Amino acid sequence: MTGDAAVVDVFPPDEQLDEERARPLARELGLTDEELDRIVETLGRVPSVSELGMYSVMWSEHCSYKSSRMHLRGLPTTGPQVLVGPGENAGVVDVGDGLAVTFKIESHNHPSAVEPVQGAATGVGGILRDILTMGARPIAVMDALRFGDPGGWTALDGTTVPVDPRQRHLVDGVVRGVGLYGNCVGVPNIGGETIFDPGYAGNPLVNALAVGVLRHEDLQLARAERAGDLAVLLGSATGRDGIGGASVLASATFEDDGEDRRPNVQIGDPFAEKLLIECCLELYHRGLVSGIQDMGAAGIACATSELSSAASMGMRVDLDRVHLRDDTMASWEILCSESQERMLALVRPEQLDEVLATAARWQVPASVIGEVVEGTTLTLSRRGEVVAAPPARSLADEGPVLDRPRARPDRLDALAAVDADDVDLHAEAARLAGGDLATLLHRALGSPMLASKRWVHEQYDHLVLGGTVLQPGVAGAGVVRLEGTDRAVALSTVGNGRWCELDPREGTRRVVAAAYRDVACTGARPLATTNCLNMGDPTQPEQMWELVEVIGGLGDACAALDVPVTGGNVSLYNATRGAAIPPTPVVGILGVLDRAGDAVARRVRDDGDELWLLGAPTTRGLAGSVLGALLGRGPGGVLARVDLDLERRLAAVLGASASDGKLRSAGSIGRGGLLAALVRACVGGGRGAQVTLPDVDGRAATTDGVHLAQALFSESPGRALVSVAPAHAAQLVARCEEAGVGAVRLGEVGGDAVELDGVAALPLDDVTRVHLDALAGALGESTA
């Protein structure tokens, strides 16, 4: 026996297994033969049914990070601003004056593919509880969503893209689920991103981010440090919904339509969550909790083992005391259920009555289910008999760590050989739009890839709690005020599978830089990073190589930009019928504004203001671009490399210009290039603009159709579109020169059209209608 498992003479008959019966059951639960052998070695015996269930969920990819853990160790995770890094429920950073902010992003991809409404809703509920567990009040959520092409929109050649009913079903369900939960709990949704790309047709991505605020002294940690403390289960009754939900669904690919997996999806109750939040916050405020853990993936099995292992303690748990929805549940079902809206709190015996009274006042069910004990064994009993007695650490911290085979995909050489920048926009207008460039641009702006996501944002409450400074869609980052202070935090989520498909490492570096730039454009100072790495099947060497490269790019960029990684999530097996999604790291960057009133939106404000392009020069950047996708071109090309030092200098210029009130507007240039950035700024501000397009590689944009395509649609990194009052332009230029940041005057705000250098004039009314209403139309929704 290598572990500290308790010696159990005999388990109840319904728990007993011999090796012959254990092996097929272990395989059915997702454990390999080698893993079962290791469990037997750890315990010194064949596991019971309940123990096998516990190991299957705790050693799943979702809970153990067995394929990624050894690679994640190289990420930068420390800095003076970091109070809590990876390993707890969420990262925590110092924002000054004794205040801290906790934030994290996680996936709920597989449950949302099976049952979109509840999958998305419980994803929001779970990330809110992660924030609550740190001792914070949740103050905002965001969501990063990815679907296949829903169809129903006008392609560049004027034809209507065929409708995909499944994608419409997924979009409708996921958006309703996100809104259902967040709106009912009463936490504002301040933004995110909604992407449509054929690469996600079989496997949508639903990533939810939450942020909360707390004082340093209110920080809670998930550990059991004192023998005799009582384990109190707070929240909803435990049922069969969600058994193996996140832990099992997230550890396998889909080979069918997923209908048989619906029982694995958790069912959420946002009103119960609201009561649980308020109850826990009162318990924290009154000092009645010594440790706490959310019951998310793997349920009681996870919460008890992680609390115990974190402090090298043991715990005795009586499953008969767990309040249940169904008394016929087997012990392993109680342990592995992922029923929602539950927390496990550790309480001193002398404070138990106060805790139970507080829970009763908030109408939160509460049951004392166990006790912290000396030793390291987790002993679980049912009907007076022990059903499981594993070492807690073997479940929570000593799971498999796999160095899986990896191989660089041969296809990358073929992709790099493609000349993605050989696009002549005049020729494409002649081929697709009768030579009318304005018509071609209108159609591009009406695609789901570039159209406003207003239809999505309007289904979310962004005003509740009264702290939202910049509402969804008006900036690349959401901004929310920290109540009782002048401060605010800005958050952005960015992912781009098209970039990472071509070069996972450089694509991830660009994704981090884009999120960093979004935050800087609001005037905030970027502080820290969270991430959700949405990847394919790690058992396939090429997809495992992509994962390692993505982690390497994340580490490179976060170190260079001084935004340490404070936590996150790895979501693997995002594949259907053998087809994996593009590697899609979604990066969340958090920044702080010393004065919320300094926050800058991307919408232009006043006629006569000057438009400037700041940062790097515009270079060839159509590899992995939206324009390439709209033209029907397959993936290919070489990504323009990001200059991370320039990104830092650009962020400093943006922050200083915002704090002294010189910026009227600022927006990052990314997906869709300068054209998309201009339209967002002008439509948002209700004003036109006269623009001289920037040179590309030293040549005028009007030289030919190739340079024009780059000027309008290049997604080369390191650029921001800003507006300033004419009286402040010279100061902005001087600041840029001092910082070594490029500054090119593009034109000025005003008029009733977006005038593009004499090559096209886009009437503002038409552009506004197309930009704001196209997505709802494509989804078959009314725009009235």
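All residue numbers refer to position in the chain's written sequence, counted from 1. Local features are withheld for residues below a pLDDT of 70 in this predicted model, meaning they are given only at 70 or higher, and side-chain atom pairs are given and counted only at 80 or more; totals for whole chains, interfaces and linings count all residues. Side-chain descriptors were evaluated using all non-hydrogen atoms of the structure, hydrogens and water having been removed beforehand.

**Structural notes on the packing of aromatic side chains**
Any two of the Phe, Tyr and Trp rings considered here, Trp counted by its six-membered ring, make a pair once their centres fall within 6.5 Å; the pair's planes then place it as stacked at under 30 degrees, edge-to-face at over 60, or tilted in between. Applying the stated criterion to the full structure yields two aromatic pairs. Ring geometry for tyrosine 55 versus tryptophan 59: centroids 5.1 Å apart, planes at 75°, classification edge-to-face. Residue classification places tryptophan 59 among the buried residues on the basis of a relative accessible area of 1%. Three exposure classes are used, based on accessible area relative to the maximum for each residue type with a 1.4 Å probe and protein chains only: buried under 20%, partly exposed in between, and exposed over 50%.

**Re the sheet that holds strand S9 (residues 314-318)**
For two strands to be treated as a pair, DSSP must find at least two bridges joining them. Helical segments are the DSSP runs of H or I of at least four residues, strand segments are the runs of E of at least two, and each set is numbered from the N terminus. With mixed pairing, seven strands are arranged side by side in an open sheet as S8-S10-S7-S11-S9-S12-S13. Of all the strands in the sheet, just strand S8 (291-294) and strand S13 (385-388) have a single pairing partner and so form its edges. Strand-to-strand twist across the sheet, computed as the mean angle between neighbouring axes with direction ignored, equals 30°. The pairing of S9 with strand S12 (residues 378-382) spans four bridges and is parallel. When the sheet's bridge partners are listed, aspartate 318 is paired in S12 with serine 381. To obtain an axis, a line is fitted to C-alpha atoms, over the contacting stretch when the element is a helix, and the angle between two such axes runs from 0 to 180 degrees between their N-to-C directions.

**Description of the confidence of the model for the protein**
The pLDDT value expresses, per residue, how confident the predictor is, ranging between 0 and 100. For the protein, the mean per-residue pLDDT works out to 93, and 96% of the residues sit at or above 70. pLDDT under 50 marks residues 245-251. Its contacts with residues more than four places away, or in other chains, come to 32 contacts. Contacts are assigned to residue pairs with any non-hydrogen atoms lying within 4.5 Å of each other. Residue range residues 257-262 is modelled with pLDDT below 50. Its contacts to residues more than four positions away, or to other chains, number nine contacts.

**Points about the domain arrangement of the protein**
Note: interface size is frequently given as the accessible area lost on complex formation between the parts. What the domain assignment reports for the protein is domain 1 (34-77 + 220-396) and domain 2 (137-210 + 413-778). Boundaries of every domain are those given by an automatic assignment or by a domain database. Here the C-alpha centre of domain 2 lies 39 Å away from the C-alpha centre of domain 1. Counting residues at the interface gives 28 residues for domain 1, matched by 28 residues for domain 2. Two parts placed together each lose some accessible area under a 1.4 Å probe, and adding up what both lose gives the buried area. In this assembly, domain 1 packs against domain 2 so that about 2300 Å² is buried in total across both faces, 65% of it on carbon and sulfur atoms. Basic side-chain nitrogens of Lys or Arg form a salt bridge, by our definition, when they fall within 4 Å of a carboxyl oxygen of Asp or Glu. Between the two partners, domain 1 and domain 2, sit one salt bridge. Of the charged contacts, one joins glutamate 278 and arginine 137 as a salt bridge, the two residues approaching to 2.9 Å between their closest N and O atoms. Contacts described as polar in this section are N or O atom pairs within 3.5 Å, which, within protein, must combine one atom able to donate a hydrogen with one able to accept it, while residues neighboring in sequence count only if both atoms come from side chains. Counting every contact that joins domain 1 to domain 2 gives five residue pairs in polar contact (both at pLDDT 80 or more). Among the elements of the structure, helix H4 (61-64), helix H5 (69-72) and helix H10 (270-285) are those that each provide at least two residues to the side of domain 1 that touches domain 2.

**Looking at the environment of leucine 762**
Checked against the element boundaries, leucine 762 lands in strand S28 (residues 760-763). The spacing of leucine 762 and aspartate 413 is 349 residues in sequence and 39 Å in space, taken between C-alpha atoms.

**Quick look at unusual backbone geometry**
For alanine 298, which is not a glycine, the phi torsion comes out positive at approximately 75°. Position of alanine 298 among the secondary structure elements: in the loop between S8 and helix H11 (299-310). Here alanine 298 falls in the buried class, since its relative accessible area comes to 0%. For aspartate 697, which is not a glycine, the phi torsion comes out positive at approximately 50°. On the secondary structure map, aspartate 697 appears in the loop between strand S24 (689-691) and helix H25 (705-713).

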